[in-house]
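Fold and geometry: a report
Chain by chain, the residues:
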Amino acid sequence: MRKSLYIIGLSVLVFSCTTQKNIKKNSYRPKTAVSQAKPVNVAAVEKQKPHVIKDHGVEFFTTNIADITKNDNTASYGSIVSAKPTGFKVVKTYFPAIAQNFRQKYLILHYTVLPDDKSVEVLTKQNVSAHYLVNNLDDNEIYQLVDENKRSYHAGVSAWRADKNLNDTSIGIEIVNPGYKSDATGKKIFQPFTDEQIKKVAALAKDIVMRYNIPPTNVLAHSDIAPTRKQDPGPLFPWKKLYDDYQIGMWYDEAVKQTFIVNAETEVSTKYNEPSFVFVVQTALQKFGYDLFPNGKWDDATKRTIEAFQYHFRPQNYDGIIDAETWAILQALNQKYPVK
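Residues numbered from 1 in each chain as written. Predicted model: local features only at pLDDT ≥ 70, side-chain atom pairs only at ≥ 80, totals over all residues. Heavy atoms only, no water.

**Digging into the pairing of strand β3 (residues 106-111)**
- Across the six residues of β3, six count as buried, placing the element largely inside the fold.
- Residue alternation in β3 divides its side chains into two sets, Tyr106, Ile108 and His110 and Leu107, Leu109 and Tyr111, and both sets are buried.
- Strand direction decides the pairing type here: β3 and strand β8 (residues 170-175), joined by six bridges, are parallel. For tyrosine 111, the partnering residue across the bridge sits in β8 and is isoleucine 175.
- Both β3 and strand β11 (residues 219-221) contribute to a ladder of three bridges, which runs parallel. Within the sheet, the bridge partner assigned to leucine 107 lies in β11 and is valine 219. (Buried < 20%, exposed > 50% of the residue type's maximum accessible area, 1.4 Å probe, protein only. Helix = DSSP H or I, 4+ residues; strand = E, 2+ residues; numbered from the N terminus. Pairing = 2+ DSSP bridges.)

And the structure:
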């Protein structure tokens, strides 16, 4: 009897253990959803855009696939510079991203105050430079001194609208010219540029502004971006000719200027010394782009800024005094080229 009970109990135990093992083995485990990224169709990506061009082991990408109306541009005017991390390979499977533009936002024009040979020496061997130098010789040469992708030291302490330190964002063109001498009254007497120089500058500037999509408001004189310390390229540089003949830079519309002239004459003749009028003029200069702090006073900084403005847009009279013509021109320009 005991033996029978022992056998029955052992059978139950074995059955019980076997059942538990089976339950553990076959117990339900909910599957965890794993999101898998869709594989990128590299062939489709490559089909959408031109390939990087290789020439003697150097890579180039010369096509713009971005939206130029947003100032985005993927073209490289030179070889592509890439990292070379030790032990790893940098690939251009997805090159280039469309969200990029050029460092070169400004074109700044200067004169050298030196003859040709001395200009070359100073701009290549001292702590000052420019990307290009336009000589005073009757030839077809323009000297390149600095790679456009690098900063040249031409602008110095500078500002225009929201930007400062324009060496970072500009291309500089130096033009051989002796500058100015002051006469007995202290008036600055400037020297003209030759027709050949202007043709060279115009062709060079046109090429640069077209490639980098530089807007008219960013084609400037050194005196525009540093009015309290610079005069170049001075009032004899033909800004209107560049605008009319080559569509380079800014100029006002004569008809619009005339709409401001009558009121400008009244304001200048009746309010000239009123701090409120001075403040309005200073604010208009600042709005246009000059680095000027409005304070309601005809101080030296304001006088020099007006003088720089006149060099560019009112070259017949550059005494630094706001007359009706200068005031009307400034208002016409602010209407034509508002800050965006």
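That shown, we press on.
**Some points on the packing of helix α9 (residues 300-313) against helix α10 (residues 324-336)**
- It is at 11 Å that the axes of α9 and α10 come closest, and there the two elements cross at 75°. As summarised for this structure, α9 and α10 are arranged roughly perpendicular, according to the angle between their axes. Judged by residue contacts, Ile306, Phe309, Gln310 and Phe313 of α9 engage Thr326, Ile329, Leu330 and Leu333 from α10.
- Taken together, the residues of the contact of α9 with α10 break down into six nonpolar, two polar and no charged. (Axes fitted to C-alpha atoms, helices over the stretch in contact; angles between N-to-C directions. Parallel < 35°, antiparallel > 145°, perpendicular 65-115°, else oblique. Contact = heavy atoms within 4.5 Å. Nonpolar A, V, L, I, M, F, W, Y, C, P; charged D, E, K, R; others polar.)

**Concerning the pattern of salt bridges**
- Summed over all chains, the structure comprises 18 salt bridges.
- Two residues, lysine 105 and aspartate 163, come together in a salt bridge whose shortest N-O distance is 3.0 Å. Taken together, the residues lysine 105 in the loop between β2 (58-60) and β3 and aspartate 163 in strand β7 (residues 163-164) connect sequence positions 58 residues apart.
- Looking at aspartate 163, the relative accessible area reads 22%, which means it is partly exposed.
- A salt bridge links aspartate 244 to lysine 240; the shortest N-O distance between them is 2.5 Å. Placement of both aspartate 244 and lysine 240 in helix α6 (residues 239-246) is noted, with a separation of four residues, approximately one turn of the helix.
- Taken together, the salt bridges that share partners define one network made up of Lys54, Glu59 and Lys92. (Salt bridge = Lys/Arg side-chain N within 4 Å of Asp/Glu carboxyl O.)

**Focus on the packing of aromatic side chains**
- Per the stated rule, a full pass over the model turns up 21 aromatic pairs.
- Aromatic pair phenylalanine 102 and tyrosine 212: ring centres 4.8 Å apart, planes at 90°, arrangement edge-to-face. Of the two residues, phenylalanine 102 sits in the loop between β2 and β3 while tyrosine 212 sits in helix α4 (residues 195-212), which places them 110 residues apart along the sequence. When sorted by exposure, phenylalanine 102 lands in the same class as tyrosine 212, which is buried.
- Between phenylalanine 190 and tyrosine 311, the aromatic rings sit 5.4 Å apart at their centres with planes inclined by 70°, giving edge-to-face as the arrangement. A residue pair is termed long-range when its members are at least 10 positions apart, and phenylalanine 190 in strand β10 (residues 188-190) and tyrosine 311 in helix α9 qualify at 121 residues. Of the two residues, phenylalanine 190 and tyrosine 311, both sit in the buried class. (Phe/Tyr/Trp six-rings, centres within 6.5 Å; stacked < 30°, edge-to-face > 60°.)

**Overview of the sheet that holds β11**
- Pairing is mixed across the open sheet formed by five strands, whose spatial order is β5-β4-β8-β3-β11. Here the strands that pair on one side only, and so sit at the sheet edges, are β5 (143-144) and β11.
- Two strands pair when backbone bridges link them, and strand β4 (residues 132-134) and β5 are joined in this way by two bridges, in the antiparallel orientation. Paired with tyrosine 132 across the strands is glutamine 144, a residue of β5.

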